[in-house]
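Geometric and topological summary
Below, each chain spelled out in residue letters.
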Amino acid sequence: MNAATLHLPAPRMAPTPPCPEGYVALEWLEHAPGFVAFLVGPDLVFAHANDAYKQLVGRSDLIGLPMGDALPEVAEQGVAALLKAALTTGEPVVHRAWPVQLAGPGGALQLRYVDFVAQPVPHSAAPGGAGLLVLGSDVTMETVSQRDLQFSLTHDMLTGLPNHALFRDRLEHALRRAARAQRPLQVAALQLDLFKRVHALVGHAGGERMLVEIARRIERAAGPDVTVARDGADKFLLLLEGTQQPQVTARIEEIIRTVAAPFEHAEHAEHTVYVTCCVGGAVFPLSGGTAEDLLLAADRALACAQDAGAGTQRWDDTLPADGGLDRLRIGFALREALAGDGLSLRYRPRVDLVSGAICAVEASVCLHHDGAAVPSATLLGVAEECGLGGALADWVLRHAAAHAAQWRAHGHTALRVGVNLSARQVAMCDLEGTILPALAAAGVPPTCLDLELAEHLLADDAGRLADCLHALRNAGIRLCLDGFGTGSSSLVNLQRLPLDVLKIDGSFIARVPDGDSAAAVVDAIVTMGHSLGMRVVADGVEREGQCDFLARHMCDAVQGDFVSAPVPFDALTALLQTGPGLAPRLLRFNRTQPTLLLVDDEPSIVSSLRRLLRGDGYRILTANSGSEGLKLLEEHTVDLIVSDQRMPEMTGVEFLRKVRQLYPDTVRIVLSGYTELQTVTDAVNGGAIYKFLTKPWDDEQLRGHIQEAVAYGAMANENRLLTLEVRTANQKLAAVNRQLESVLARQRSDIEQGEISLDIVHEALDNVPVPVLAGDDAGTIVLANRAAHGLFAAQGPVLGCALRQLFPGLPEPLPDGASFAFEHKLGEQRLHARAQPMGNGSQSRGWLIVIEAA
């Protein structure tokens, strides 16, 4: 056929005989892949139906029966009305996935889906008039699969609840409705407590049944107006619209109680299973205006509820710009800074309170983010959260070691550099394999490093950590326990771990010397640390009074803003050259010029006293009230106070009573023109004042009294210094004892290890099948293995016997330091022996003789 033939008129065909005579020709549709039926007349009488149709409807005797009689359950579902309408209009009817209930194999109705076309045949000659040809196919499997797929995309398959995607979509629609109607909206996140453990108890199948039951409980308690979704294994989401907050809180409490009801499981009939939950909620618009903001806020509140304990609810009342997102951004910036060059180090100097010199520096890492420096404590916490704690600690160690090498090159060989250990490093417990190579790469000895451990790192597996720390301490690294007094370390750990330094947390130092309880705690920590042979360092020192208190109470070193804020490498290098500038009076063994504090509300009196005493070698401070005097005492160490009696706010005696409580070593004098006998007597008898002097005063007499009081204070100071010297000597002795204990423990361990090795050598030698003897340098046999005892059994005991007694043919004298061979006859047996001198590679002396058959 060519292209031209395509346009020829079609040949005339013989006219098709009318139905039903021509319907017989449709028998070829009997085996069609779909179903076929032909119905005629207004009653829809079956004229033909193929096997597929009969199987679909579950009935084979259809021919000649109206649809209403043959398939009443089908006709009543609207199918008959639909087909009759097609006959009436003469228009074909097409439907896809039409749902229809059909009888199944057991007689029960089943939902089926069919695609079909009903085509009217208006010129049918069959009895009954016009006919209707129905063609179609059963698409139940395809339809159900597609609908299941769609359901699985929007619902949780286990519980049937909406999933996160559908919940998010409903939340966004609800937010638009709430914004238009100005009505409340709440989002709640519910998470089961310890469900992983419960799941392990009841098994996988039991856990799934419990989750289904929990979902039903939440739905019942929440009510039909609440959207409940499952968001993960043991987490659910709730969306509440139009309900005021008090009612929502009560409804959430009811949900928590309902979830906590007992579960009965056949697998665990011996006990009842309980599950509790925590709920965190967020409110529109306080917690945010978008779905993302509300979900994040609900998660924040959920975390707070979980921290508070099982079965609690918390509601977020913060704005969306919270610290959690900031910490996440800081983590991203830290990761980039570690990969590039975005980090720097700051150093806080530590001053020895005996010598006044900078004895160590503590390294802290600095990151600039959004135009501001991130605090070191925040940065370390973020690093641990992001899994960068180990990498950051390694970076700090390498760069601090490099700076230490430069300081040592400038002559500061005694300076120690402190770095913090991260939780990741402690958990890996490969400290020796990572820290020592970093120091070696920088060219600095281990003795220049202080490793600082946070107290909370000692809580887990202190025994394993002790082995790691002992190896570092034996190498010369000093170990410091940071933030002591606020964590979870116990006194057992202080004895077990090889710690050298206790650093008192700054929260205690902030309250000394004013707070009696804090002062007592600090004094106790110093005494305990020294009794254990450790140095004690105070962190967070910000005032002169704190430094003076710590020096008088035997603290060894201080650090804080009073000494210096953290400074970069160059600034610290300059500070090492000039010194910290700590006043000599603040050192432990200070013998400096006396300091006087003059307190009077009349400036002229203060000026007169200042002029009078200016040439006597005193350091003079002045105040115009008792409160001003107390502030000066917080910042300065004062030996003698001369105070007026009548002053506003508080009298001189009241002021000096407070001074006696806070600074008992200070000598106190009242100088007043009013003699209130009873008040003065009580003050003197109570020890509040040393002397009471009257105005107007005699200059020479007043100077004499002050000199006498200063001498009295100096004598007390000398006694204090002698006591400090004794305590310092005891401290050094305790430190030496601690070091000796460490050395003895190490030697004991070496001896035990040597004994174990010697036992192994003896056992191995005893099992050698060749006779082996060992003699000392005097020729006495001191060792013989089992084979040697068997060989010479006939000659009696071998040990303690002389070599020449066993071997008369040995050369005389024995060769000096050279091995030799010789023959020996034992009865009828000829033996070949070799003698090897000992002592070439060890401290052993004598001969080793190995015997074998000749």
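Structure: above.
Reading guide: rules and limits
- Residues numbered from 1 in each chain as written.
- Predicted model: local features only at pLDDT ≥ 70, side-chain atom pairs only at ≥ 80, totals over all residues.
- Heavy atoms only, no water.
- Core = buried A, V, L, I, M, F, W, Y, C linked by side-chain atoms within 4.5 Å.
- Buried < 20%, exposed > 50% of the residue type's maximum accessible area, 1.4 Å probe, protein only.
- Helix = DSSP H or I, 4+ residues; strand = E, 2+ residues; numbered from the N terminus.
- Contact = heavy atoms within 4.5 Å.
- Salt bridge = Lys/Arg side-chain N within 4 Å of Asp/Glu carboxyl O.
- Pairing = 2+ DSSP bridges.
- 1 Å grid on protein atoms, 1.4 Å probe; cavity = no way out; pocket = protein on both sides within 12 Å on 5 of 7 lines; lining within 4 Å.
- Points joined across faces, edges and corners; volume = space filled by probe spheres on them.
- Nonpolar A, V, L, I, M, F, W, Y, C, P; charged D, E, K, R; others polar.
- Phe/Tyr/Trp six-rings, centres within 6.5 Å; stacked < 30°, edge-to-face > 60°.

**Section: the nonpolar core**
Among the nonpolar cores identified, the biggest contains 87 residues, and Tyr347, Trp407, Ile435, Leu451, Val522 and Leu550 are the most heavily contacted of them. Ranked by residues supplied to this core, first place goes to helix H11 (residues 389-409) with eight residues. Among residues more than four places away in sequence, those in contact with Val522 are Ile504, Phe508, Ile509, Val512, Phe549 and Leu550. Core analysis: the next-biggest nonpolar cluster, separate from the first, contains 29 residues, Leu192, Ala215, Val275 and Val279 among them.

**Considering the pattern of salt bridges**
Oppositely charged side chains can form a pair if their charged atoms are brought close together. The tally for this structure, following the rule as stated, stands at 33 salt bridges. One salt bridge in this structure joins Arg177 and Glu241, with 3.0 Å as the shortest N-O distance. One end of the pair, Arg177, is in helix H5 (residues 164-181); the other, Glu241, is in strand S8 (residues 235-241), with 64 residues separating them in the sequence. The salt bridge partner of Asp231 is Lys235, with a shortest N-O separation of 4.0 Å. Look at the salt bridges and you will find they share partners, linking Arg350, Glu362, Arg416, Asp450, Glu452, Arg478, Asp482 and Lys503 into a network.

**Quick look at the pairing of strand S21 (residues 619-623)**
Across the five residues of S21, four count as buried, placing the element largely inside the fold. Relative to S21, strand S20 (residues 595-599) runs parallel, the two sharing five bridges. Paired with Leu597 across the two strands is Leu621, which belongs to S21.

**What about empty space enclosed by the protein?**
To find leftover empty space, a probe the size of one water molecule is rolled over the atoms. Within this structure, the stated rule accounts for two cavities of 30 Å³ or more. Taken together, 14 residues form the lining of the largest cavity, with Tyr53, Val74, Val79, Val114 and Phe116 sitting closest to its centre. Its residues placed into classes, the lining of the largest cavity shows 14 nonpolar, no polar and no charged. Space inside the second largest cavity adds up to approximately 40 Å³. Lining the second largest cavity are Ala400, Ala401, Ala404, Val417, Leu439, Val444, Cys448 and Leu449. When residues in the lining of the second largest cavity are grouped by element, the largest group, three residues, is from H11.

**Considering unusual backbone geometry**
Going from Phe284 to Pro285, the amide bond is cis rather than trans, its omega being 5°. One can find Pro285 in the loop between strand S9 (277-284) and helix H8 (291-308). Lys695 connects to Pro696 through a cis peptide bond whose omega is -10°. Positioned with a positive phi, Leu44 is a non-glycine residue whose angle comes to about 55°.

**Quick notes on the packing of aromatic side chains**
Considering all chains together, one arrives at nine aromatic pairs under this definition. Measuring from ring centre to ring centre gives 6.3 Å for Trp98 and Phe116, while their planes differ by 80°; the resulting arrangement is edge-to-face. Here the residue Trp98 occupies a position in strand S3 (residues 93-103), and Phe116 occupies one in strand S4 (residues 109-121), the gap between them amounting to 18 residues. The class of Phe116 is buried, set by a relative accessible area of 9%. A ring pair is formed by Phe792 and Phe807, whose centres lie 5.8 Å apart and whose planes are at 90°; its orientation type is edge-to-face. Separated by 15 residues along the polypeptide, Phe792 in the loop between helix H25 (786-791) and helix H26 (803-806) and Phe807 in the loop between H26 and strand S27 (820-826) bring together distant segments of the chain. Owing to a relative accessible area of 0%, Phe792 belongs among the buried residues under this scheme. Among the aromatic residues, those joined into a ring-pair cluster are Phe792, Phe807, Phe820, Phe822 and Trp847.

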